Amino acid sequence: QGLFLRLFYPCLPRAGATEPLWIPRSEYCGGLADVTLGRRWCSALLSIAIGSCKVPVSWNGPFKPCSSGYPLIIFSHGLGAFRTLYSSICTELASWGFVVAALEHRDHSAATTYFCTAEAGTEEWIPFQRVPQGQKEFYFRNKQVHQRAQECVRALRLFRGIAGGRSVPNILHQDWDLSVLKVSSLDLTKVAVMGHSFGGVTAVLALVKEPSFRCAVALDAWMFPLENVLYPEVPKPVLFINTEKFQTPESIARMKRLSSRNSQTRIVTVLGTVHEDQTDFAFLPGKLFSLIFGRRGTLDPHKALAITTRAALAFLQRHLKLEEEFGQWDELLEGVGDSVVVDAPFCRSHL
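Not measured: the values here are computed from a predicted model. (Residues numbered from 1 in each chain as written. Predicted model: local features only at pLDDT ≥ 70, side-chain atom pairs only at ≥ 80, totals over all residues. Heavy atoms only, no water.)

S.K.: How would you explain helix α4 (residues 137–163) if you had to name every residue and give the values?
M.R.: End to end, α4 covers 39 Å across 27 residues, agreeing with the expected 39 Å (1.5 Å per residue, within 8%). After α4 finishes, the residue Gly165 shows a positive phi value of roughly 95°. (Helix = DSSP H or I, 4+ residues; strand = E, 2+ residues; numbered from the N terminus. Expected span 1.5 Å × (residues − 1).)

S.K.: Can you explain empty space enclosed by the protein? Please cite residues and give values.
M.R.: A full pass over the atoms with the stated rule returns 4 cavities of 30 Å³ or more. Taken as a whole, the largest cavity encloses approximately 70 Å³ of empty space. Sorting the residues of the lining of the largest cavity by element identifies α3 (87–95) and α8 (301–320) as the ones contributing at least two each. Here the element with the most residues in the lining of the largest cavity is α8; it accounts for 4 residues. The class makeup of the residues in the lining of the largest cavity is 6 nonpolar, 4 polar and 1 charged. (1 Å grid on protein atoms, 1.4 Å probe; cavity = no way out; pocket = protein on both sides within 12 Å on 5 of 7 lines; lining within 4 Å. Points joined across faces, edges and corners; volume = space filled by probe spheres on them. Nonpolar A, V, L, I, M, F, W, Y, C, P; charged D, E, K, R; others polar.)

S.K.: Which residues make up the packing of α3 against α8, and what values do they have?
M.R.: Describing two packed helices takes the angle between their axes plus the distance from one axis to the other. Packing of α3 against α8 leaves a shortest axis separation of 10 Å and a crossing angle of 45°. By the angle class used here, α3 and α8 are oblique. Two packed elements cross with a definite hand, and for α3 against α8 that hand is right-handed. Here α3 contributes Ser88, Ile89, Glu92 and Leu93 to the contact with α8, which in turn contributes Leu305, Thr308, Thr309 and Leu313. Its residues placed into classes, the contact of α3 with α8 shows 4 nonpolar, 3 polar and 1 charged. (Axes fitted to C-alpha atoms, helices over the stretch in contact; angles between N-to-C directions. Parallel < 35°, antiparallel > 145°, perpendicular 65-115°, else oblique. Left-handed = near helix turned anticlockwise from the far one by under 90°. Contact = heavy atoms within 4.5 Å.)

S.K.: Describe the pattern of salt bridges, naming the residues involved and giving the relevant values.
M.R.: Working definition: two side chains of opposite charge can pair if their charged atoms are close together. For the structure on display, the rule yields 13 salt bridges. Measuring nitrogen to oxygen at the nearest pair gives 2.9 Å for the salt bridge that ties Glu104 to Arg83. Taken together, the residues Glu104 in the loop between β3 (99–103) and β4 (112–116) and Arg83 in the loop between β2 (70–76) and α3 connect sequence positions 21 residues apart. A salt bridge links Lys303 to Asp338, with the shortest nitrogen-to-oxygen separation between them at 2.3 Å. (Salt bridge = Lys/Arg side-chain N within 4 Å of Asp/Glu carboxyl O.)

S.K.: Outline the UniProt feature "active site" (unreviewed entry) in the chain, supporting the account with residue identities and numerical values.
M.R.: Within this structure's numbering, the places UniProt gives as "active site" (unreviewed entry) are Ser197, Asp220 and His275. For this annotated set, covering 79 residues, all C-alpha atoms fall within 8.2 Å of each other, a compact arrangement in space. Within the fold, Asp220 resides in the loop between β7 (216–219) and β8 (238–243). Residues in contact with Asp220, not counting those within four places in the same chain, are His196, Ser197, Ile241, Asn242, Thr243, Phe246, Gln247, His275 and Gln278. Looking at the secondary structure, you find His275 in the loop between β9 (266–270) and α7 (286–293). (UniProt positions renumbered as here; feature names shortened; annotations may be inferred.)

S.K.: Any details on the side chain of Asp107? Residues and values, ideally.
M.R.: With respect to the helices and strands, the residue Asp107 is situated in the loop between β3 and β4. Of note is the side chain of Asp107, whose polar atom sits 3.2 Å from the side chain of Arg148. When neighbours within four sequence positions are excluded, Asp107 is seen to be in contact with Gln144, Gln147, Arg148 and Phe198. (Polar contact = N/O pair within 3.5 Å; in protein donor to acceptor, adjacent residues only side chain to side chain.)

S.K.: Account for the sheet that holds strand β6 (residues 186–196), naming residues and giving values.
M.R.: Taken in spatial order, the 8 strands line up as β1-β3-β2-β6-β7-β8-β9-β10 in an open sheet, and their pairing is mixed. Either end of the sheet is taken by a strand with one partner, and the two such strands are β1 (5–8) and β10 (340–342). Strand-to-strand twist of the sheet, defined as the mean angle between neighbouring strand axes without regard to direction, takes the value 20°. Examined bridge by bridge, β2 and β3 share 4 bridges and lie parallel to one another. When the bridges of β3 are listed, Ile74 appears paired with Ala101. (Pairing = 2+ DSSP bridges.)

Now the structure itself:
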């Protein structure tokens, strides 16, 4: 019944601040090995290769004061991922003045995850689950996407409760008090939902379930799990930022179905990128990346991240009514700029 998330936020600089591990626990290496390589026994090798990587942020740093409150983004991870694998995009958004809550979903779509029982404080692990034999993938994934979207809604309600003074216990017993969010840290009139792949379509569905989400940013959204009857129900604008090598004509057609109903919805593609370029994996050394995924994009990952972030910021400024200078990147929303095109290029998908 709880929620599991990593919170990224603007903080004050501290000398000697601790940097958190990118892969928070060794069990996640086992989950990644199983999902990406199909060989759980490779977890020890993955742990050696990436287990000591740190995220260049200040762990549990003090909130940077903001008189008006920071806008909030709820972030949903992709299939076989978890809450820390999008640290690059989440950190980038936090550095521009957002609070980003990166969820870890409990629908068996994470590489692995766990929850703690409030009474005993013991951990119970939830493994990744493939589509059961004999079951149609759509029905299996559709049930998951509804659970995921509902978790996004519950996350927003969690922050609303905290802002309203409700005491929310952190069962992980870490030295970070959620009540710090109560004192002018969030502007809950400016809330968006965002996600990658399975998380991208989760973000679209969250717009249907929660009117308070003003817009959605969908990174290389996997549109397959969403039932057709819901497309006319999506009430708010969506920014689809796709990679060049992932999308199918069917998926793009579904995105265009939404853009035909909402003139503010945008679809752009970043050239020279693959699906994993919108995750932290893009920043792994070349040989390690190729070992896990077999291919990588031709566009420099730092440039791809900059394009993705700037397009998202321009879109968020427009629909959250922010008083920033993100409008300088508006042309990206029209597919204008180096390595960006509108809609989708004609190339063969790897999906």
